Amino acid sequence: MLSIHEQEAIAFEMPRGACDCHTHIFGPEEQFPYWSERAYTPADASITQLKQLHHQLGIERVVVVHPSPYGVDNKRSLEAIRELGNQARGVAVIDESTITIQEIEQLHQAGFRGARLNLETSGVEDPQFAKNKLEQTAKLIQSFGWHVQIYSNPQLVMQLTHDIIHCAVPVVLDHFARIPVDDGLEQSSIVQLIEMLKSGNVWLKLSAPQRITDHPDSDRMAEFTNLLIRTNQNRLVWGSDWPHSGAQPGKKRVKEEIEPFHPINDGHALNRLNQWTKDPIILKKILSDNPAHLYGFKKIE
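Described below are features of the structure shown in this document. Just so it is clear, the model here is predicted, and its values are computed rather than measured.

**Thoughts on unusual backbone geometry**
Argument step 1. The omega angle of the peptide bond from Gly27 to Pro28 is -5°, so this bond is cis rather than trans.
Argument step 2. Following the sequence through the fold, Pro28 ends up in the loop between β1 (19-23) and β2 (41-42).
Argument step 3. Residue Trp242 is joined to Pro243 through a cis peptide bond whose omega torsion reads 5°.
Argument step 4. Structurally, the position occupied by Pro243 is in the loop between β9 (236-239) and β10 (258-259).
Argument step 5. With a phi angle near 50°, His175 is a residue other than glycine that sits in the positive phi range.
Argument step 6. For His175, the position within the fold is in the loop between β7 (171-173) and α7 (188-199).
Argument step 7. Taking the relative accessible area as the measure of exposure, His175 reaches 1% and is therefore buried.
Argument step 8. The phi torsion at Lys278 lies on the positive side, around 60°, for a residue other than glycine.
Argument step 9. The residue Lys278 is located in the loop between α9 (266-277) and α10 (280-295) in this model.
Argument step 10. On the accessibility criterion, Lys278 (66% relative accessible area) is exposed.

**Structural notes on the pattern of salt bridges**
Two side chains that carry opposite charge are able to pair once their charged atoms sit near each other.
Argument step 1. All chains considered together, the criterion is met by nine salt bridges.
Argument step 2. Its salt-bridge partner being Lys75, residue Asp73 comes within 3.5 Å of it at the nearest N-O pair.
Argument step 3. Owing to a relative accessible area of 51%, Lys75 belongs among the exposed residues under this scheme.
Argument step 4. Here Glu96 makes a salt bridge to Lys133, at a shortest N to O gap of 3.0 Å. On the criterion of sequence distance, the pair formed by Glu96 in the loop between β4 (88-92) and α3 (101-110) and Lys133 in helix α4 (residues 127-141) is long-range, its members being 37 residues apart.

**Observations regarding the nonpolar core**
Here is a general trend for soluble globular proteins: nonpolar side chains tend to be buried in one another's company.
Argument step 1. Core analysis: the largest hydrophobic core is formed by 81 residues, its most contacted members being Ile164, Leu173, Leu193 and Leu228.
Argument step 2. If we skip the residues at most four places from it in the chain, Leu228 touches Phe176, Leu193, Ile194, Leu197, Leu204, Leu206, Gln233 and Leu236.
Argument step 3. Within the second largest apolar cluster, twelve residues are counted, among which are Cys19, Val65, Val91 and Tyr295.

**Overview of the side chain of Arg113**
Argument step 1. Within the secondary structure, Arg113 is located in strand β5 (residues 112-118).
Argument step 2. What Arg113 contacts, discounting residues up to four positions off in sequence, is Arg89, Gly90, His108, Trp146, His147 and Tyr295.

**Description of the sheet that holds β4**
Argument step 1. The eight strands lie next to each other as β1-β3-β4-β5-β6-β7-β8-β9, forming an open sheet whose pairing is parallel. Of all the strands in the sheet, just β1 and β9 have a single pairing partner and so form its edges. Put simply, the sheet's adjacent strands are angled 25° from each other on average, direction ignored.
Argument step 2. Pairing geometry for strand β8 (residues 202-207) and β9, over four bridges, is parallel. Across the sheet, residue Lys205 finds its bridge partner in β9, namely Val237.

**Quick notes on the packing of aromatic side chains**
Argument step 1. Going through the model one piece at a time under the given rule, you end up with five aromatic pairs.
Argument step 2. Ring geometry for Phe144 against Trp146: centres 6.3 Å apart, planes inclined by 50°, an arrangement best described as tilted. A single burial state applies to Phe144 and to Trp146, both of which are buried.
Argument step 3. Here the aromatic rings of Phe176 and Phe224 are separated by 5.9 Å at their centres, their planes lie at 40°, and the arrangement is tilted. One end of the pair, Phe176, is in the loop between β7 and α7; the other, Phe224, is in helix α8 (residues 219-232), and 48 residues separate them in sequence. Here the two residues Phe176 and Phe224 agree in accessibility, since each one is buried.
Argument step 4. Each residue in the set Phe176, Phe224 and Trp276 is aromatic and connected to the rest through ring pairs, giving one cluster.
Argument step 5. Here the basic side chain of Arg76 rests over the ring of Phe32, its NZ or CZ set 4.1 Å away from the ring centre.

Rules of the game
- Residues numbered from 1 in each chain as written.
- Predicted model: local features only at pLDDT ≥ 70, side-chain atom pairs only at ≥ 80, totals over all residues.
- Heavy atoms only, no water.
- Helix = DSSP H or I, 4+ residues; strand = E, 2+ residues; numbered from the N terminus.
- Buried < 20%, exposed > 50% of the residue type's maximum accessible area, 1.4 Å probe, protein only.
- Salt bridge = Lys/Arg side-chain N within 4 Å of Asp/Glu carboxyl O.
- Core = buried A, V, L, I, M, F, W, Y, C linked by side-chain atoms within 4.5 Å.
- Contact = heavy atoms within 4.5 Å.
- Pairing = 2+ DSSP bridges.
- Axes fitted to C-alpha atoms, helices over the stretch in contact; angles between N-to-C directions.
- Phe/Tyr/Trp six-rings, centres within 6.5 Å; stacked < 30°, edge-to-face > 60°.
- Lys NZ or Arg CZ within 6 Å of the ring centre and 35° of its normal.

So, in structure tokens, the structure goes:
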């Protein structure tokens, strides 16, 4: 994790109501114990650190996405949203087989607006199993106006194209749908992603490009993003993915060790987004208007 002083200065006028749609809060472990079946153990990443970063970047709103090391215990994210106040929303992780409508109502009142299916970290590969989880989760949350957020490998996501397009609730795909952009823009997964975006029921997070390419500043990455913008600029949101957890290249994840965060420059990521859009109106949609619609913030004209 980079310090505040290492962040690149913002080189454009940040639109009012700008929202970071993908963040996590971790620790302290003695107060918020991690799930025994977790894949990794992160370092602490505090609300104070996140608020300092967002103040420097000019970000006014935030979405706290519940991270996998806590399993389905949403207490850490719940407390974060309470502390961050009305300008924060949350995406929970739930067990669709055991959670009650009353518990979802409590999460809704606290500011949660989505349920995340983290199929990747849990190693789900069976499309029928994933389809069942998607349908069951959608059925539980539909009356609350929530969406389902999916984190998975692109192969599994693309096998669910029809189910995602016709899902009873909106579906949000994490991190550019994790499509390896260096394989080219003609690959079938991108064709299917375009189909999903055109449906209007599918949203995409322009977050963590380092998860899909070793060259986030490349021309191909810019071409990919511009293809997405041309397809449906009203269904794109941005997220930092702070504090940038994720497996270290070539290193096996061991939950008994604290896994370091990646040194991603969030100021640079926002400046890159501005260069990708080349239009303050589109930038405002991605950073402010679209998140307001998806997460239930007041839209700022």
